[in-house]
Amino acid sequence: MIRSIARFVIPTISVALATLGGITVANAAPEEGWIRLAHLSPDTPKVDVYVSSFGNDDDPTVLRSVGYGMFSPYQRVPAGSYTIAMRLEGAPATEPAVLSTTVKINADSAATVAGMGQNSELELVTLTDDLQPPGTNKSKVRVIHAALTAPVVNTVELAGSPVATDLSFAQFTDYDAVAAGNTTVEVDAGSATAEQPLDLSAGATYTVVVRDLETGLGVLPIQDFAAANQIPTGGVDAGLGGTTGAAKGVMLTHRNL
């Protein structure tokens, strides 16, 4: 199923990410969840993002120089509501935020909060990340279309099987179970195409982002969860390929939320 941002959005202008430690679901306390952030708006400049538990804005986690194509590892947080406030890159903390919003994280759940769309119509989207294992010798994959140069992606295929069709800019799919193993992500957007090798681990889940590169269309594979629901500590398990240099980490001033 294709998901449009219109169903999930909180009106906003941009969003960001952190570089934070990973944990396993098995070790989580009953009233904890996980949050991850991403910047997927091609024409939105870098921002600094302040993340704090609701009502505790004086002690935020600060995410510096967040740019397009960045994902964070997950942060384990107590279940509850969190404020995300954004300022232009380098702006002092005393300056009013460009915008702020509140995101609710439920117990034993995970979410990715992503800035998506064009800068003029930017929205903050909360995507529910799947914690359920995909089955024996299977992986799960979802696709996000974040390439402004391709209004519609005709197909995204893994090993010749489609996992997304007719996906418009700023739309995303549900997770789809596919066979684990070495494969290739193939993107057909009519006049533009892209390919990316991907090693799908059995029991793991992935997000595949169709994105803009200076050289054209690109593919950014991000591992969401590893086998046995282990949350990765950072990096892209399959390698960045053509996106190398675009998904670097960010400077972080961190406290425990």
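Rules used throughout
- Residues numbered from 1 in each chain as written.
- Predicted model: local features only at pLDDT ≥ 70, side-chain atom pairs only at ≥ 80, totals over all residues.
- Heavy atoms only, no water.
- Helix = DSSP H or I, 4+ residues; strand = E, 2+ residues; numbered from the N terminus.
- Buried < 20%, exposed > 50% of the residue type's maximum accessible area, 1.4 Å probe, protein only.
- Contact = heavy atoms within 4.5 Å.
- Areas by Shrake-Rupley, 256 points an atom, 1.4 Å probe, with all protein chains shown as cover.
- Salt bridge = Lys/Arg side-chain N within 4 Å of Asp/Glu carboxyl O.
- Core = buried A, V, L, I, M, F, W, Y, C linked by side-chain atoms within 4.5 Å.
- Pairing = 2+ DSSP bridges.
- Polar contact = N/O pair within 3.5 Å; in protein donor to acceptor, adjacent residues only side chain to side chain.
- Axes fitted to C-alpha atoms, helices over the stretch in contact; angles between N-to-C directions.
- Phe/Tyr/Trp six-rings, centres within 6.5 Å; stacked < 30°, edge-to-face > 60°.
- Lys NZ or Arg CZ within 6 Å of the ring centre and 35° of its normal.

1. Focus on the overall build of the protein chain
Line of reasoning, step 1. Within the protein chain, the secondary structure is distributed over 0 helices and 21 strands.
Line of reasoning, step 2. Taken across its 257 residues, the protein chain has 50% of its residues classed as buried.
Line of reasoning, step 3. Long-range contacts, defined as pairs at least 24 residues apart, comprise 67% of the intrachain contacts of the protein chain with a sequence gap of at least 6.
Line of reasoning, step 4. As displayed, the protein chain has an accessible area near 10900 Å², and 49% of this comes from carbon and sulfur atoms.

2. Re the pattern of salt bridges
Line of reasoning, step 1. Scanning the model with the defined rule gives 6 salt bridges in all.
Line of reasoning, step 2. Salt-bridge contacts for arginine 76 lead to glutamate 32; the nearest nitrogen and oxygen are separated by 3.7 Å. Taken together, the residues arginine 76 in strand β7 (residues 75-78) and glutamate 32 in strand β3 (residues 32-40) connect sequence positions 44 residues apart.
Line of reasoning, step 3. For glutamate 32, a relative accessible area of 18% translates into the label buried.
Line of reasoning, step 4. By sharing partners, the salt bridges in this structure join Arg36, Asp129, Arg142 and Asp224 into a single network.

3. So, the nonpolar core
Line of reasoning, step 1. By size, the foremost hydrophobic cluster in this structure holds 23 residues, and its most contacted members are Val156, Leu158, Val185, Val187, Val210 and Leu217.
Line of reasoning, step 2. When residues of this core are traced back to their parent elements, those giving at least two are β12 (138-146), β13 (152-158), β14 (161-168), β17 (181-188), β18 (193-200), β19 (205-213) and β20 (216-225).
Line of reasoning, step 3. In this structure valine 185 touches Val156, Glu157, Leu158, Ala194, Glu195, Gln196, Leu198, Val208 and Val219, once residues within four positions along its chain are discounted.

4. As for the pairing of β19
Line of reasoning, step 1. For β19, the buried fraction is high: 8 of the 9 residues fall into the buried class.
Line of reasoning, step 2. Where β12 and β19 come together, 7 bridges link them in parallel fashion. Within β19, the residue paired with lysine 140 across the bridge is threonine 205.
Line of reasoning, step 3. Inspection of the sheet shows β19 paired to β20 by 9 bridges, in the antiparallel sense. The residue bridging threonine 207 from the neighbouring strand is isoleucine 222, located in β20.
Line of reasoning, step 4. Here β19 folds back onto β20, and the loop between the two strands holds 2 residues.

5. Quick notes on the environment of asparagine 119
Line of reasoning, step 1. Assignment of secondary structure puts asparagine 119 in the loop between β10 (110-116) and β11 (123-129).
Line of reasoning, step 2. Note on asparagine 119: relative accessible area 30%, which makes it partly exposed.
Line of reasoning, step 3. Taking the C-alpha atoms as reference points, asparagine 119 and aspartate 43, separated by 76 residues in sequence, lie 5.8 Å from one another.
Line of reasoning, step 4. Within the structure, asparagine 119 has its side chain in polar contact with the side chain of threonine 44 (distance 3.1 Å).

6. Focus on unusual backbone geometry
Line of reasoning, step 1. Phi at alanine 159 takes a positive value of approximately 50 degrees, unusual for a residue other than glycine.
Line of reasoning, step 2. Look at alanine 159 and you get exposed, because its relative accessible area is 63%.
Line of reasoning, step 3. Of note in the backbone geometry, aspartate 166 takes a positive phi value of approximately 50 degrees without being a glycine.
Line of reasoning, step 4. The exposure class assigned to aspartate 166 is exposed, which follows from its relative accessible area of 53%.

7. Regarding the sheet that holds β17
Line of reasoning, step 1. With antiparallel pairing, the 4 strands of this open sheet are ordered in space as β14-β13-β17-β18. Here the strands that pair on one side only, and so sit at the sheet edges, are β14 and β18. Mean inter-strand twist for the sheet, computed between neighbouring axes without regard to direction, equals 15 degrees.
Line of reasoning, step 2. In the sheet, β13 pairs with β14 via 6 bridges, with the strands oriented antiparallel. Bridge pairing in β14 links leucine 158 to serine 161.

8. Some thoughts on the packing of aromatic side chains
Aromatic rings considered in pairs are described by the distance between their centres and by the relative angle of their planes.
Line of reasoning, step 1. Tallied over the full model, the rule gives 1 aromatic pair.
Line of reasoning, step 2. A cation over an aromatic ring shows up here: arginine 87 above the ring of tyrosine 50, its NZ or CZ 4.4 Å from the ring centre.

9. Examining the pairing of β3
Line of reasoning, step 1. Judged by how many residues are buried, β3 sits mostly within the fold: 9 of 9 residues are covered.
Line of reasoning, step 2. Side chains Glu32, Trp34, Arg36, Ala38 and Leu40 project from β3 onto one buried face, and the interleaved Gly33, Ile35, Leu37 and His39 project onto a second face that is buried too.
Line of reasoning, step 3. As paired strands, β3 and β7 are joined by 4 bridges and run antiparallel to one another. By the bridge assignment, tryptophan 34 is partnered in β7 with arginine 76.
Line of reasoning, step 4. Bridge count between β3 and β10: 7 bridges; the pairing is parallel. Pairing of arginine 36 across the sheet is with threonine 112, part of β10.
Line of reasoning, step 5. Relative to strand β6 (residues 70-71), β3 runs antiparallel, the two sharing 2 bridges. Across the sheet, alanine 38 pairs through a bridge with phenylalanine 71, a residue of β6.

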